Amino acid sequence: MTKDKGQRTKNKGPLMVGLGLCVLLGVAVPLTMWMGWNKQPDRVESQKPKAVKNSEVLPLALLPPESRRSQLEALANDSPSADRNRARYLLAADAIAAGRGVEAVQWLESLEADYPMMAPMVALQRARAWELTGDKNQAQQAWQQLLEKYPQAPMAAEALYALGRPGPNTVAPGSQQNTYWDRAIASFPNHPRTIDIAQARLEQNPNQPQLLLLLAKHGLHLPDIVAYLDRLVSSRNAASLTPADWETIAFAYWEKQEYGKGAAAYAKAPRTPQNAYRAARGLQIDGKKVEAIAAYKRLSAEFPDSEDTAEGLIRLAKILEPKEAITYLDIVRENFPNRAGEALWERSKMLEQLGSASSAVQARKSVLSQHSTSEAAAQLRWQMAQESAASGDLAEARRWAKELREENPHSEEAAEANFWRGKWAIRLGKEKEAQEDFEYVLTHHPESYFAWRSAVYLGWNVGDFTTVRQLQPEVVKPSRRELLPAGEEILQELYLLAQDQDAWTLWQVEFTNRIQPTVPEQFTDGVIRLGVGDNLDGIFMLSSLAWRSQPEEQAQYEKLAQQPAYWQALYPFPYKDLILKWSAQRQLNPLLVTALIRQESRFTPKIKSWAGAVGLMQVLPETAEWRATSMQVKEYDLENPDDNINFGTEFLDYTHKEYSNNSMLAVASYNAGPGAVADWLKRFGFQDPDEFAQKIPFPETNDYIRKVFGNYWNYLRLYNPEVAQKLATLSK
């Protein structure tokens, strides 16, 4: 899934989330058995991992090893069953993780015969276990047996790597080592062990363009992948790269948000509408306005009927002078009916800039009359509602909001408009209508920030800005995992057993459709990334599913988004224990802290902002230095999650104390600084928190408040039984 900075957000349908977990997606999606590693077209019942629903082991898989050992041992010594096999495998995996090789070998003895689905992984674990024992002969034999029995399975790449590696554990000298590694490159180019081989060989001889290209294709997870890409495109062999190679390089740059470099590579890639658009968009993001304008115009000339051209022309119009921009907006209106409303809305803005007020008004009327269900019409209706409210005509404001509800129920403005419709009803003394409006937001837009605000006005125990800090909500997480909508049978079993690193490794081999993944593949990729701590990209992969524009894909996304498992993946709990520890010490609502971390860093401990903020809670070094004295802390590392959450919660506690425990002001201050918030309070007062939030002149801070408290609400509605039950009852 290609990342596009500033990508247009697609409309979302109504998302009605109930209780409990269900199997994801009711569509046929790929899942294959271990049968020579041949893919089957559709998932069938016989191909699913057995005894998932009633398994006693799968809930234990989510517990720490020390907490589950005795229960697993009891199941492992029970009568033959799927759970017995799973228990033995988990006990072996726990022993390997703890360095107890002999114990792991014992649990794995003859397990292939009882657990044929996992036979290649059992063989791999046995080889790992023997290596831990220090018995080189047994380890060599185990690696050879894995390679001989399962030569086509991805696990064989691990054996090829081990048998060919240099060093004290070398199995075969010289040319034999090279043969093993050559086989890995030829047979498993996308396996992470093959990536390790390529890196090792490049250290010995940097001038190997084919290995650099292999990394460009399959090494996107590498922290230094951009350096490898730079080396490839600047090498003397760059002239021999094919257009397909350049497309691979461009995609890799784009994924790492190196948009200028990606644009240059896309210009050499096969000339498709998508590649032409990305070449232009990359130039625009990189600040090369003149070049971007030329690239957008070339896109339009070469691919006049492509949807990528429609997107490109709208972006082009926004960087042109108004008079010329109107010309290109008219092309969109004429050739792309589904974007005509948006083009007409942009046209009205250009006409205003040109001083043609009457023409601008007529254009806006046309948006409402000719493109009533468009996102542009929703934006216009919401603007009219706000203007009516500002002039004191609340009845007219409610009329516009009602029209938006009826004509644009899935628009980005719908939740906000219906929430304010309820607030305006209260001011008009229409309490019953207000309750109906708030309930409408909760049932039709349950994931929104305005659903939380609606719940507050309905009197639910969800915390308001002045009380949310003190709450300690009950949190109940799912007791086990659900099947993924894509992936081989072994991968499914590894995921259910929470063997996330091995599941991730296997997924790197299976996931070959990275540029244009299906909805099931993209969801699976996001979840697998979360399992290994790649939270930033994992959450992006999940959230960007909402951008799908094709009707079939939209339908798949909407079906997926009705499942709690989708939202629970979007709102995970990394670093839970540290968050609980420091939240308790600072008397902060742990879900509020979790929500803020999700917004600040997507749970990425070493991330740094353009302003120099560091880590999970994006603490500025100067802020840490300032607070360290009062905290009596002399040594700390802001990239360390424990230290970062310590400093972040301390500063959040400080901002709460500065504003009498008003969490809106505290969160705004965390983002914009105490001085800015103090200035806004003087300018706007604080009679109504929702009105105050609207008046904040920093768009980033206005959005930040909505995102943080929207995150808080989603954690609450997904994991708090009381709130979940209320939503389920209301939905009925």
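Presented here is an overview of the structure given in this document. (Residues numbered from 1 in each chain as written. Predicted model: local features only at pLDDT ≥ 70, side-chain atom pairs only at ≥ 80, totals over all residues. Heavy atoms only, no water.)

### So, the environment of A157
For the record, the criterion: What counts as a helix is a DSSP run of H or I of at least four residues, what counts as a strand is a run of E of at least two, and both are numbered from the N terminus. Only protein chains enter the accessibility calculation, which uses a 1.4 Å probe. A residue is then buried if its area is under 20% of the maximum for its type, exposed if over 50%, and partly exposed in between. Residue contacts are defined here by distance: any two heavy atoms, one from each residue, within 4.5 Å place the two residues in contact.
Here A157 is to be found in helix α8 (residues 155-164). Taking the relative accessible area as the measure of exposure, A157 reaches 0% and is therefore buried. In this structure, the C-alpha to C-alpha distance between A157 and A142, residues 15 residues apart in sequence, is 14 Å. Here A157 is in contact with F188, H191 and R193, once residues within four sequence places are set aside.

### Remarks on the packing of helix α24 (residues 431-444) against helix α25 (residues 449-457)
Note the threshold: Axis lines are fitted to C-alpha atoms, over the contacting stretch for helices. Their N-to-C directions set the angle, which ranges from 0 to 180 degrees. An angle below 35 degrees is read as roughly parallel, one above 145 as roughly antiparallel, one from 65 to 115 as roughly perpendicular, and any other as oblique. By definition, turning the near helix anticlockwise from the far helix through less than a right angle yields a left-handed crossing, and turning it clockwise yields a right-handed one. In this classification, Asp, Glu, Lys and Arg are treated as charged, Ala, Val, Leu, Ile, Met, Phe, Trp, Tyr, Cys and Pro as nonpolar, and every other residue, Gly included, as polar.
Interaxial distance between α24 and α25 falls to 9 Å at its minimum, and their mutual angle equals 140 degrees. In terms of their interaxial angle, α24 and α25 are classed as oblique. Here α24 runs over α25; the crossing is left-handed. Where α24 abuts α25, its residues F438, V441 and L442 lie against F450, A451, S454, A455 and Y457. In terms of residue class, the contact of α24 with α25 is made up of seven nonpolar, one polar and no charged.

### Considering unusual backbone geometry
Within the chain, R602 stands out as a residue other than glycine whose phi angle is a positive 55 degrees. As for its placement among the helices and strands, R602 is situated in the loop between α33 (590-601) and α34 (621-631). Its relative accessible area of 24% is what places R602 among the partly exposed residues. Phi at F603 takes a positive value of approximately 60 degrees, unusual for a residue other than glycine. With respect to the element layout, F603 can be found in the loop between α33 and α34. Classification of F603 as buried rests on a relative accessible area of 0%.

### Structural notes on the layout of surface pockets
Where we set the bar: Using a grid of 1 Å spacing that covers the protein atoms alone, one calls a set of points a cavity when a 1.4 Å probe fits there but cannot get out, and a pocket when the set is open and has protein on both sides within 12 Å along at least five of seven lines; lining residues are those with an atom within 4 Å of a point. Grid points are joined across faces, edges and corners, and a volume is the space filled by probe spheres set on the points.
Looking at the second largest pocket, its volume works out to about 1200 Å³. Taken together, 38 residues line the second largest pocket, and the ones lying closest to its centre are L62, K477, R481, D500 and G531. Going through the elements one at a time, α2 (65-76), α3 (82-97), α28 (519-531), α31 (564-570) and α32 (576-586) are the ones with two or more residues in the lining of the second largest pocket. Tallied by class, the residues present in the lining of the second largest pocket amount to 24 nonpolar, five polar and nine charged.

### Description of the nonpolar core
Most often, soluble globular proteins have nonpolar side chains that are buried together. This is how the line gets drawn: To qualify as a nonpolar core, a set must consist of buried Ala, Val, Leu, Ile, Met, Phe, Trp, Tyr and Cys residues joined through side-chain atoms within 4.5 Å.
Core analysis: the biggest nonpolar cluster contains 231 residues, and M118, Y566 and W713 have the highest contact counts within it. Counting residues per element, this core draws most heavily on helix α39 (residues 699-719), which supplies ten residues.

### Here we look at the environment of N662
Heads up, the condition is: Polar contacts here mean pairs of N or O atoms no more than 3.5 Å apart (in protein, one a potential hydrogen donor and the other a potential acceptor; neighbouring residues in sequence count only if both atoms are side-chain atoms).
With respect to the secondary-structure elements, N662 resides in the loop between α35 (641-658) and α36 (663-672). Sequence separation between N662 and F465 is 197 residues, and the spatial gap between their C-alpha atoms is 5.5 Å. What N662 contacts, discounting residues up to four positions off in sequence, is F465, T466, H656 and F686. Among the polar contacts listed, one links the side chain of N662 to the backbone nitrogen of M664, at a separation of 3.0 Å.

### Things to note about empty space enclosed by the protein
What the rule picks out here adds up to two cavities of 30 Å³ or more. In this structure, the largest cavity spans a volume of roughly 80 Å³. Every residue lining the largest cavity is listed: M121, L124, R128, P154, M155, E158, H191, D502, T505 and L506. For the lining of the largest cavity, the secondary structure elements donating two or more residues are α6 (119-133), α8 and α27 (500-510). A breakdown of the residues in the lining of the largest cavity according to their chemical character gives five nonpolar, two polar and three charged. The computed volume of the second largest cavity comes to approximately 70 Å³. If you trace the second largest cavity, you find it lined by E416, W420, Y449, F450, D690, A693, Q694, N702 and R706. Looking at the lining of the second largest cavity, the elements with two or more residues in it are α23 (414-427), α25, α38 (689-695) and α39.

### Focus: the packing of aromatic side chains
This is how it is decided: Only the six-membered ring of Trp is used, alongside the rings of Phe and Tyr, when aromatic pairs are assigned; centres must lie within 6.5 Å, and planes under 30 degrees apart are stacked while those over 60 apart are edge-to-face, with the rest tilted.
Within the structure shown, the criterion is met by 35 aromatic pairs. Centre to centre, the rings of W626 and F651 are 6.2 Å apart; their planes meet at 70 degrees, and the pair counts as edge-to-face. One end of the pair, W626, is in helix α34; the other, F651, is in helix α35, with 25 residues separating them in the sequence. Grouping aromatic residues by their ring pairs yields a cluster made of W382, F419, W420, W424, F438, Y449, F450, W452, Y457, F465, F709 and Y712.

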